[in-house]
Structures are given as C-alpha cells and as structure tokens.
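Architecture at a glance
Residues per chain, in single letters:
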Amino acid sequence: MAKAPIQGLHHVTSMASDPDETVRFLRDVLGLRLVKQTVNFDDVTTYHLYFGNETGEPGTALTIFPFGEGQSGTVGAGQVETTAFHVPTGSLDYWADRLDSHDVDRDEVTDRFGEQVLGFRDGDGLRYELVASDASSVEPWAGSDVPTEHAICGFHSVTLALVDTAETAGLLQFMGYEQTAEEGAYTRFETEGDRATIVDLHETSDRGQPGLGTVHHVAFRVPDDDGQFAWREALSEEGYGVTEQKDRQYFRSIYFRERGGILFEFATDGPGFTADESVDELGETLKLPEWLEGDRERIESSLSELTATPAEVR
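So, here's what we can say about the structure. Every chain is numbered independently, its residues counted from 1 as its sequence is written. Residues qualify for local features only when their pLDDT is at least 70, as the model is predicted, and side-chain atom pairs are given and counted only at 80 or more; totals for whole chains, interfaces and linings, by contrast, use all residues. Values reported for side chains reflect all heavy atoms of the structure, with hydrogen atoms and water molecules removed beforehand.

Quick look at the environment of Glu277 now. Strands are runs of DSSP state E lasting at least 2 residues, helices are runs of H or I lasting at least 4, and numbering of each runs from the N terminus. When you line up the elements, Glu277 lands in the loop between strand S17 (263-268) and helix H5 (296-302). Between the alpha carbons of Glu277 and Val35 there is a distance of 9.5 Å; along the sequence they are 242 residues apart. By the convention used here, residues are in contact when the closest approach between their heavy atoms is within 4.5 Å. Sequence-distant contacts of Glu277, that is, excluding residues within four places in its chain, are made with Val35, Lys36, Leu282, Gly283, Glu284, Thr285 and Lys287. Throughout this description, a polar contact denotes any pair of N or O atoms lying within 3.5 Å of each other; where both atoms belong to protein, one of them has to be capable of donating a hydrogen while the other can accept it, and for residues adjacent in sequence the pair is counted only when both atoms sit in side chains. Within the structure, the side chain of Glu277 is placed 2.6 Å from the side chain of Lys36, a separation counted as a polar contact. At a separation of 3.3 Å, a polar atom in the side chain of Glu277 contacts the main-chain amide nitrogen of Gly283.

Moving on to the packing of aromatic side chains. Any pair of Phe, Tyr and Trp rings, taking the six-membered ring for Trp, is counted once the centres come within 6.5 Å. Such a pair is stacked with planes under 30 degrees apart, edge-to-face with planes over 60 apart, and tilted for the rest. Under the defined criterion, the tally for this structure stands at 20 aromatic pairs. Relative to Trp291, the ring of Phe41 lies with its centre 5.5 Å away and its plane at 75°, an arrangement referred to as edge-to-face. Here the residue Phe41 occupies a position in the loop between strand S2 (33-40) and strand S3 (43-52), and Trp291 occupies one in the loop between S17 and H5, the gap between them amounting to 250 residues. The interplanar angle of 55° and the centroid separation of 4.9 Å between the aromatic rings of Tyr50 and Phe273 together place this pair among those described as tilted.

Looking now at the pairing of S3. Burial within S3 is extensive, with eight of its 10 residues counted as buried. As paired strands, S2 and S3 are joined by seven bridges and run antiparallel to one another. When the sheet's bridge partners are listed, Val39 is paired in S3 with Tyr47. Strand pairing is defined by DSSP finding a minimum of two bridges between the two strands. Counting the residues in the hairpin turn of S2 and S3 gives two residues. Judged from the three bridges that link them, S3 and strand S4 (residues 61-66) form a sheet pairing that is antiparallel. The residue of S4 that forms the bridge with Tyr50 is Thr63. We call a residue buried when its accessible area falls under 20% of the maximum for its residue type, exposed when it is over 50%, and partly exposed in between, using a 1.4 Å probe and counting protein chains only.

This brings us to unusual backbone geometry. Gly270 connects to Pro271 through a cis peptide bond whose omega is 10°. Note that Pro271 resides in the loop between S17 and H5.

Here we take up helix H4 (residues 225-237). Over its 13 residues, H4 runs 18 Å from end to end, which matches the ideal 18 Å to within 8%, given 1.5 Å per residue. For H4, the complete set of buried residues consists of Gly227, Gln228, Ala230, Trp231, Ala234 and Leu235. Down the axis of H4, the sector holding all buried residues measures 160°, keeping them to one side. Contacts from the buried residues of H4 go to helix H3 (166-174), strand S14 (214-222), strand S16 (252-257) and S17. Its side-chain oxygen 3.3 Å from the backbone nitrogen of Asp226, Asp224 forms the N-cap of H4. After H4 finishes, the residue Gly239 shows a positive phi value of roughly 95°. Multiplying one less than the number of residues by 1.5 Å gives the expected span of a helix. To be clear, the arc concerns the directions from the helix axis to the C-beta atoms.

None of this, on its own, says anything about what the molecule does.
Now the structure itself:
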C-alpha cells in the first residue's frame, strides 16, 4: 500500500512530576478535559493521563507521564521545545489575565510568522504557547469555565529544537510537509490536513537534557493500520530504526528517533478514547487494558490517588 501524506499532529506526550498538579493545571487553568486515566504500559506504577477536547480527538490530545520525584530536564536541541495550542484570534488578552490570576509564569505576547503568540510554563517548566489564529480547528471542550470564544481548540503546532535542521527538514518533506516560511532561526513546515498541521524547526546550539519538564515524544496522525504499515516500510527503507506496532489501547503506534534526536511516533486515529468509556464518563476512573486487569489491585496500590477536585462546570 502506498503511503499517504501525514495529516498533522496526533498527540504530544510530556514528563511531569505530580499527577494532581498536572490535572489542576491542564484542566482547571487551561480548560482541557481529562479524557483518560490509565497507566504507562512500560511502567505501570506511573499514570498516563490524557487531556483534550470533549473526546480527545487526534490533534487535541496532550498526554502526561507524571513520574513523581525525579530529575528535571533541560529544554534544548534534540527535543520538542514548545507545544502550542490554537486559540481564536483576539483571545490572548483574556489568556494573559487568566494566567496571571493563576500565578502562571508567562511571557509577553510576541509575533511570529504573522501570528500573536503567548508563551508560558507550568510548575515543572514544560513550555507551552497559545497561538491566536483563524486556522481550521476542532470544537473545544465546553465543560470548563473558559468561555467558548476563547477556549483552546486543539494543537496549533510543535516547535522542534535542533542543532542542524537539515535532516529533520528532509524527513518532514518525506512525510508530506512543505516549507512555507522562514523567520530568523525558525523554519515553518505545513501539511494538508484539517487541524494541527504545523511543525516549526528552531536551529539552536543549546543542548537539551531529558527529564521532568520536557517532552517525551511527538506523535503524528495516520488513518489506520494499513497506512501505518506502509509508513513503517517506507521509513525502514530510508534507514530509520522503526519499532514493531504497539497496541496503546486507544490507538496503535510505531516509534523511531529522527536524526536530530527527537522521538517520533506515528499513531492511528482509532479506536479512540470511547473504546472503553462513554463520552459522559471519560476520564472518571482508572482504565486498564485487558492484559493488565489481572494486576489491577497491585497497580492501583502503587499509584497515588488523584484528589484534584473537578473543575466547575459551566
């Protein structure tokens, strides 16, 4: 089967410390819905928390491994530098006031590629941006206290930090992205899709170190298994060491490290987060795949209880 161009971002997965603080920040400050409580399938003593719009559609899903105590990382080359969310044009004054009211460490509004950008950081130092744009997007979660006209509408982009952008630029073009702009040390690539279609490359000599407060990997959308297998074959032929397909319960994944050092994932659009919960019940209880259910008691005893109280529903 011929490979189809990548349609945009699927999800971004980051490393944080405290699970409760993660929920409070992403749900109660940013207005994202907690759509799934599960565990890191490679370390079942750690939560894997998923946030997004009402159903956590691909292109909206921010996922977190809250590892508890650990070494903090340093953002720099070889990492996803920034995860950017899309908000409607004219929303950044609202967001600056909201972030200030929650004592969030933020920057002043700047302009990049003709769009207004508001950068900020969570308590672990994870770097985020809000980009005010008229670009196509998805419906936000309507259950938070953020007014719909200002609410986060999925991802806008990610910025990848690299010592040399040439190899990664070539990979993005191989994936179906086209270079659309340059501004200083930044180069923009875009693909044809209905959401989360932008990747920015930032050339920098500042080296990164993985740890808490950094992004673990970035995932790109493929429609289904056939498309994923086609990409696995194509990437392998280009010399990338691609994993076997892994079942992540809500999507299926392959992984490889691009030549700038950043871990890429290609994830299927389905089956989605309603595979084991109704839309109304998403994120309310710990969900485990069938192969871990026999260990539920041990797994639950190893996890700290999530005590963050639900955000006020409008």
